[in-house]
Amino acid sequence: MSSSKKTSSEQGRGRLFLRACLVKKDLASIIRKLRDDEAFLEVWYDPRTSIIHNDILSEIFLSLLAEVQKIPFSLYLKNASFLDDTWEMAEYRDYEFVPCEVLGVHLRYINTHLVVTDIDPESVAAEDGKVHIGDVMDELYTESLRGAKRGRVRDLFQLYKGMPVYVSFIKARLPDGQIYRPISRLLRQLDMDMNLIGSQGTGIEDSRDGQMPARKPAHALLQDEEQDEIPVHGPDAKAVFTVVYSGAYPLGEDGRVDRIHDSIESVTSDRGRRKEVVKIEMTETGVEVRRCSDSELILNHSYTEVSACGRRTDMLLFFGYIAGETTCNMAKDFKCYVFETDDQAELKDLNEHTGFCERTALTLRMI
């Protein structure tokens, strides 16, 4: 845990260590090793007061830990940036946004944390109401931002230019609506209006950590602006990718983007699934999937039927899109179609088109 950039104190590292042990079910075995290390005990534990020095009490303690190890702990170890301050955990959200030059969030640096102080109303970050004022930007492209140098956000955007934006936030508000106490202290230092915390902002702040002006979302583009947003791979306006079709996962009436996460896990965990090499064609009107062996059309969805598309941040070679049996505003039978590839160059292009499809679907649904 000493290598973690998210904890800086012995207390924070100790808390993170205990959380990791609970998740990995290693706590009892580690305590047993410490108890059997006499040199370690002499340095760190008082034999007059320490349980671990007492043969009987240590065995009782280890038997309790053995029972604790039977409990499944679902602790998200990435959520560690406030362990120096408290055991209390805030909500932690991983998001994937479409490729963009700027996310559209205004950031202030305070006590090693990057706090969202405003959000551009027509930016990528404002879509779907995911990011809110008061949230702390914790990671960008899996790199911890705690204590990051000023301008690091801009540098990462330039480094991964053209790629989908993978960003993680610690949410300012808890599920019960209360403001997370460590974040509340940061907000008071910034003298922020507590009534705005959890909202999407006013769009009037003029400092944005040196970032460029926000790009318009798809539904705000004028007709003469669209050509800069639409990726075209040839005179027929089609983009074609050869990938492996892993299978589909039924979702019923739930076509939310959140379901891509568990759909990919469910499809890939099915050892008996049949894989097929296919070509995905993204045309001006929809997505077509053809089997490479005989060119048979096996999937065909218009963009109005596509409700979401994306990948898991921990399984980057798998991706999927969710589509219904009809226009997604009316659909009752959604499925997530999962694909995989090991071609990094093709994956980069496909990610760009995946983000384009999502923006196009949004535009068509709004029309």
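The name recorded for the protein chain in an unreviewed UniProt entry is Run and fyve domain-containing protein 4, from Plakobranchus ocellatus.

(A) Structural detail: the pairing of strand β8 (residues 276-282). Summarising burial for β8: five of the seven residues are buried, a large majority. Both β8 and strand β9 (residues 286-291) contribute to a ladder of five bridges, which runs antiparallel. Each residue of the ladder has a partner; that of I280, found in β9, is V289.

(B) Just the nonpolar core, in detail. In this structure, L103, V105, V131, M137, L140, V165 and V167 are the most contacted members of the largest nonpolar core, which totals 26 residues. Residue assignment for this core shows that the elements contributing at least two residues are β1 (92-97), β2 (105-110), β3 (113-119), β4 (136-140), α5 (152-159) and β6 (165-170). If you look at the next biggest cluster of nonpolar residues, it comprises 18 residues, including I110, A172, I179 and L190.

(C) Representation of unusual backbone geometry in the model. With a phi close to 55 degrees, Y141 is a non-glycine residue in the positive phi region. In this structure, Y141 sits in the loop between β4 and β5 (143-144). Of the residues examined, Y141 reaches a relative accessible area of 8% and is grouped as buried. If you check the backbone angles, T142 has positive phi at about 70 degrees while not being a glycine. Mapping T142 onto the fold places it in the loop between β4 and β5.

Thresholds, definitions, all that
- Residues numbered from 1 in each chain as written.
- Predicted model: local features only at pLDDT ≥ 70, side-chain atom pairs only at ≥ 80, totals over all residues.
- Heavy atoms only, no water.
- Buried < 20%, exposed > 50% of the residue type's maximum accessible area, 1.4 Å probe, protein only.
- Helix = DSSP H or I, 4+ residues; strand = E, 2+ residues; numbered from the N terminus.
- Pairing = 2+ DSSP bridges.
- Core = buried A, V, L, I, M, F, W, Y, C linked by side-chain atoms within 4.5 Å.

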